[in-house]
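Examination of the molecular architecture
Spelled out from the first residue to the last, the chains are:
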Amino acid sequence: MIGFLNIIILVLSLAMTSAGILIASHLRTSYKADFFASLLFFQVFWFTFGFYALWGQLAIPSLLGSEIEQETLVKIKNAALFLGSPFFVFAWFMVLKLTREISNLTTGGPFVGTFLAANFIVVPGIGYLLFRLTGIQVMSLLRYAFIFLCVLYSFAGSWFLFSGKNKPSRLGETEIKHIAIWLILLMILQNILFFFSKENEYMTLAFIFIFYGFGTFLPLYFRYRADLSKLLAHGESNFTLEHFCEKFDISKREKEVIHEICKGLTNQQIADKLFISLQTVKDHTHRIYGKTFCTSRAQLMRMVNEGE
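The helix and strand tally for the protein stands at 13 helices and zero strands. For the protein, the sequential pattern of α-helices and β-strands runs α-α-α-α-α-α-α-α-α-α-α-α-α. In the protein, 72% of the contacts between residues at least 6 apart in sequence involve partners at least 24 apart.

Turning our attention to the nonpolar core. Grouped together as the largest cluster of nonpolar side chains are 64 residues, with contacts concentrated most on Phe-36 and Phe-222. Those elements that place two or more of their residues in this core are α1 (2–31), α2 (34–64), α3 (70–102), α4 (109–134), α5 (138–163), α6 (173–195) and α7 (201–224). No other element matches the 12 residues that α2 contributes to this core. Dropping the residues within four chain positions of it, Phe-36 is found in contact with Ala-24, Leu-27, Arg-28, Tyr-31, Phe-222, Leu-228 and Leu-231.

Attention now moves to the pattern of salt bridges. Enumeration according to the criterion identifies nine salt bridges in this entry. The partner of Glu-256 in a salt bridge is Arg-253, and the shortest N-O contact between them spans 2.9 Å. Of this pair, Glu-256 and Arg-253 both sit in helix α10 (residues 252–262), three residues apart, roughly one helical turn. Arg-253 carries the same exposure label as Glu-256, and that label is buried. Glu-260 is the salt-bridge partner of Lys-263, the closest N and O atoms lying 3.6 Å from each other.

Bringing a nonpolar patch on the surface into the picture now. Taken together, the side chains of Tyr-144, Ile-181, Trp-182, Leu-185, Ile-188, Ile-192, Phe-195 and Phe-196 define a hydrophobic patch exposed on the protein surface, amounting to about 800 Å² of accessible area. Element by element, the count of residues in the nonpolar patch is highest for α6, at six residues. Inspection of the secondary structure assignment puts Ile-181 in helix α6. Residue classification places Ile-181 among the partly exposed positions, given a relative accessible area of 47%.

Here we come to the confidence of the model for the protein. Across the protein, the average pLDDT comes to 84, with 88% of residues at 70 or higher. Taking the mean pLDDT of every element in the protein, the minimum, 66, falls on helix α8 (residues 229–232) and the maximum, 92, on α6. This model gives residues 233–239 a pLDDT under 50, and the stretch forms seven contacts once residues within four places in sequence are excluded.

Evaluated as defined, the whole model comprises zero disulfides. Here Cys-262 is not cross-linked by a disulfide; its sulfur's nearest cysteine counterpart is in Cys-245, at 9.1 Å. Looking at Cys-262, the relative accessible area reads 16%, which means it is buried. Cys-294 takes part in no disulfide bond, and the closest cysteine sulfur, belonging to Cys-262, lies 9.8 Å away.

Before going further, it helps to examine the environment of Phe-49. Summarising the element assignment, Phe-49 is placed in helix α2. In contact with Phe-49, other than residues within four places in its own chain, are Leu-54, Gly-84, Ser-85, Phe-87, Phe-88, Phe-146 and Phe-211.

What follows covers α6. Structural remark: α-helix, 3.6 residues per turn; residues separated by three or four positions point the same way. In this model α6 runs 33 Å from its N-terminal to its C-terminal C-alpha over 23 residues, within 8% of the 33 Å that 1.5 Å per residue would give. When we look at burial in α6, the residues that qualify are Glu-175, Ile-176, Ile-179, Ala-180, Leu-183, Ile-184, Leu-186, Met-187, Gln-190, Asn-191, Leu-193 and Phe-194.

Moving on: the packing of aromatic side chains. One pass over the structure, following the stated rule, counts 35 aromatic pairs. Measuring from centroid to centroid gives 5.2 Å for Trp-46 and Phe-214, while their planes differ by 40 degrees, and the two rings are tilted. A residue pair is termed long-range when its members are at least 10 positions apart, and Trp-46 in helix α2 and Phe-214 in helix α7 qualify at 168 residues. Here the two residues Trp-46 and Phe-214 agree in accessibility, since each one is buried. Aromatic pair Phe-93 and Phe-115: ring centres 5.2 Å apart, planes at 50 degrees, arrangement tilted. Of the two residues, Phe-93 sits in helix α3 while Phe-115 sits in helix α4, which places them 22 residues apart along the sequence. No difference in accessibility class separates Phe-93 from Phe-115, as the two residues are buried. Taking the ring centre of Phe-160 as reference, the NZ or CZ of Arg-100 above it sits at 4.8 Å.

This brings us to the side chain of Gln-43. One can find Gln-43 in helix α2. The exposure class assigned to Gln-43 is buried, which follows from its relative accessible area of 0%. If near-sequence neighbours (up to four positions away) are discounted, Gln-43 is found in contact with Gly-20, Ile-21, Ala-24, Gly-215 and Pro-219.

The phi dihedral of Asp-249 is positive, around 55 degrees, even though this residue is not glycine. With respect to the helices, strands and loops of the structure, Asp-249 is situated in the loop between α9 (241–247) and α10. The class of Asp-249 is exposed, set by a relative accessible area of 61%. Its identity is not glycine, yet Phe-275 carries a phi of approximately 60 degrees, on the positive side. By secondary structure assignment, the location of Phe-275 is in the loop between α11 (267–274) and α12 (278–292). Exposure remark for Phe-275: the relative accessible area of 32% places this residue in the partly exposed category.

The rules behind each value
Residues numbered from 1 in each chain as written. Predicted model: local features only at pLDDT ≥ 70, side-chain atom pairs only at ≥ 80, totals over all residues. Heavy atoms only, no water. Helix = DSSP H or I, 4+ residues; strand = E, 2+ residues; numbered from the N terminus. Contact = heavy atoms within 4.5 Å. Core = buried A, V, L, I, M, F, W, Y, C linked by side-chain atoms within 4.5 Å. Buried < 20%, exposed > 50% of the residue type's maximum accessible area, 1.4 Å probe, protein only. Salt bridge = Lys/Arg side-chain N within 4 Å of Asp/Glu carboxyl O. Patch = residues over 30% accessible without salt bridge, like charges linked within 9 Å, V, L, I, M, F, W, Y side chains within 5 Å. Areas by Shrake-Rupley, 256 points an atom, 1.4 Å probe, with all protein chains shown as cover. pLDDT = per-residue confidence, 0-100. Disulfide = S-S within 2.5 Å. Expected span 1.5 Å × (residues − 1). Phe/Tyr/Trp six-rings, centres within 6.5 Å; stacked < 30°, edge-to-face > 60°. Lys NZ or Arg CZ within 6 Å of the ring centre and 35° of its normal.

Here it is, written out as structure tokens:
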């Protein structure tokens, strides 16, 4: 039974990795916003750590368990975790960079230097002292460090989202609240499962599933739930999309369809770009025409550009 579940979770991990990176890459290309670049790098680092360190912990005993001594096996597993740890650290750096960029906060040299020093000097130094003074096992030490850093950086990211109140945010207040809340909730669930996964294989698999879900949440939210209309009109002085949509009670998904229509894309091109079906694009377009009393794309584009 556990072997079958291993295969299922592995397949789901691969699927979530592919979907997360694909959607993040699409967002970066479509909107040209700097924080989508950070999102894409977060995906790469997070999922690399997942396959290198987490799945590696399951694969190493299966591949080598019957051929080498237990002590050597533990050393190999520890080495895999240490080699994978930089990916974990840089993944969280990208989360912090992303949240700061959403709030229009700069991420300059002092912030980067402090982060790197804390993660590659202070944290390892404290861990070494605890190991020497208390004799705590390396795996237990890594487990506590993982939980501590996840808690620290998820709360720090949420704090950054609300700390740029004196500057215009790149997203709406609703989106910022949702990202902050879900960032913390998923982190708490992930850490609870990780804490109790030491002696329970089912808990371990549940933790891995949530770990990959945590990595996939942000691109899925940005793609299917967030209102990105603020980004659509960026840099186009004569593009009054926001005013137009408020006037005719256009939904956030319909805003995106209108934007692509105004760029001259066909229904099929819009469907491919927004990852929705052709029929869904037609349904959105029909509702847009009904709300705006338009009869053609040309009339819709004229109304948007003239702010009618």
